[in-house]
Amino acid sequence: MNGLGSVAWPPAPIRTERLVLRESEGRDRPAFIELFTSPEVGTHIGGARPRAEAERTAPEVPARRSGSFVVERDGAMIGTVTLVRRDAEAPERVRPEGGEVELGYMFLPEAWGSGYATEACGAVLEWLAGVLPGEPVVLTTQSGNARSLRLAERLGFTEAQRFEAYGAEQWFGVRPGSR
Ligand SMILES: CC(C)(COP(=O)(O)OP(=O)(O)OC[C@H]1O[C@@H](n2cnc3c(N)ncnc32)[C@H](O)[C@@H]1OP(=O)(O)O)[C@@H](O)C(=O)NCCC(=O)NCCS
């Protein structure tokens, strides 16, 4: 998977009612380590990583790449929203040539249940519609990840396919491009 290819990066920070979405910085590293090592966050995405390993291997500025947004609330990172262009060879696809843009999200458990993910992902999708008008977006999440499925549906994704991977049923959804 790649970043967003030709799209200029980073954009100016995106401000919503309660949040700022911006590129990763060195001061976000402890919050990234919390995300990677949280059993709650890892439940449906392959599990938590051991803290010592995460501390040792996390880059000085984690996730500094095209399409990767840090979500900040009151000056502190609470999660991430990412857009990546999928490999053209990936078997699940919504257009014949594949290579769709895929949305991903991870928030610290203390930030769940307040609508922050909806607010952040909505702003990122709006930003994408500005830089790549009409681009459809796909999303993969375990069918058992109830919070993630509710979020996907709130954001306007609908089911395109279900498939088995990593020992669980996966939900593959699509959101048509907007302009
Ligand atoms: C997936 C994930 C981001 C969803 O988080 P979330 O807190 O449920 O989503 P939101 O931030 O949009 O919050 C929505 C909830 O806040 C409630 N809420 C409270 N105040 C709100 C407000 N002002 N606006 C909107 N919703 C609000 C909503 O009712 C909703 O609760 P409900 O689903 O119980 O009805 C989070 O569970 C997570 O990070 N999981 C781990 C990583 C993961 O599995 N990622 C998926 C891989 S793609």
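Residues numbered from 1 in each chain as written. Predicted model: local features only at pLDDT ≥ 70, side-chain atom pairs only at ≥ 80, totals over all residues.

1. Some details on the overall build of the protein chain
Phase 1: Looking only at helices and strands, one finds five helices and eight strands in the protein chain.
Phase 2: In the protein chain, the succession of α and β elements from N to C terminus is β-β-α-α-α-β-β-β-α-β-α-β-β.
Phase 3: A compact globule built from 179 residues would reach a C-alpha radius of gyration of about 16 Å, and the protein chain, at 16 Å, matches this within 12%.
Phase 4: The C-alpha extent of the protein chain, read off along each of the three principal axes, is 40 × 40 × 30 Å.
Phase 5: The contacts in the protein chain between residues at least 6 apart in sequence include a share of 65% that link residues at least 24 apart. (Helix = DSSP H or I, 4+ residues; strand = E, 2+ residues; numbered from the N terminus. Rg over C-alpha atoms; globule rule 2.2 N^0.38 Å. Contact = placed C-beta atoms within 7 Å.)

2. A closer look at the UniProt feature "domain: N-acetyltransferase" (unreviewed entry) in the protein chain
Phase 1: The UniProt record annotates "domain: N-acetyltransferase" (unreviewed entry) at residues 19–179.
Phase 2: Each end of residues 19–179 is marked by a C-alpha atom, and these two atoms are 23 Å apart; helix forms 28% of the span and strand 30%. (UniProt positions renumbered as here; feature names shortened; annotations may be inferred.)

3. Comments concerning the environment of Thr140
Phase 1: Summarising the element assignment, Thr140 is placed in strand S6 (residues 137–142).
Phase 2: On the basis of neighbour count, Thr140 is assigned to the partly exposed category, with 19 C-beta atoms found within 10 Å.
Phase 3: For the pair Thr140 and Glu110, spaced 30 residues apart in sequence, the C-alpha separation works out to 23 Å.
Phase 4: Apart from residues no more than four positions distant in its own chain, Thr140 is found in contact with Glu102, Gln170 and Phe172. (Buried ≥ 20, exposed ≤ 12 C-beta atoms within 10 Å, placed from the backbone.)

4. Considering the sheet that holds strand S7 (residues 158–165)
Phase 1: With mixed pairing, eight strands are arranged side by side in an open sheet as S1-S2-S3-S4-S5-S6-S8-S7. Taken across any chain shown, the strands that pair with only one partner, and hence form the sheet edges, are strand S1 (14–15) and S7.
Phase 2: Against the sheet, helix H5 (residues 146–154) makes contact with S6 and strand S8 (168–175), and its axis sits at roughly 160° relative to S6, the strand it touches most. (Pairing = 2+ DSSP bridges. Axes fitted to C-alpha atoms, helices over the stretch in contact; angles between N-to-C directions.)

5. What about the site of the ligand?
Phase 1: As a structural note, the neighbourhood of the ligand is formed by 20 residues, with Trp112, Gly115, Ala117, Thr118 and Arg147 the closest of them.
Phase 2: In the shell around the ligand, the residues fall into nine nonpolar, nine polar and two charged. (Near = placed C-beta within 6 Å. Nonpolar A, V, L, I, M, F, W, Y, C, P; charged D, E, K, R; others polar.)

6. Some thoughts on H5
Phase 1: For H5, the full list of buried residues reads Ser148, Leu151 and Ala152. Down the axis of H5, the smallest arc covering the buried residues is 100°, so these residues share one side. Structural note: H5 exposes Ala146, Arg150 and Glu153 on the side pointing more than 90 degrees away from its buried face.
Phase 2: Buried-residue contacts for H5 involve helix H4 (116–131), S6 and S8.
Phase 3: Positive backbone phi, approximately 100°, marks Gly156, located one or two places after H5. (Arc of directions from axis to C-beta.)

7. Some words on the environment of Gly5
Phase 1: Relative to the helices and strands, Gly5 resides in the segment before S1.
Phase 2: Here the alpha-carbon distance between Gly5 and Glu100, two residues 95 residues apart in the chain, equals 12 Å.

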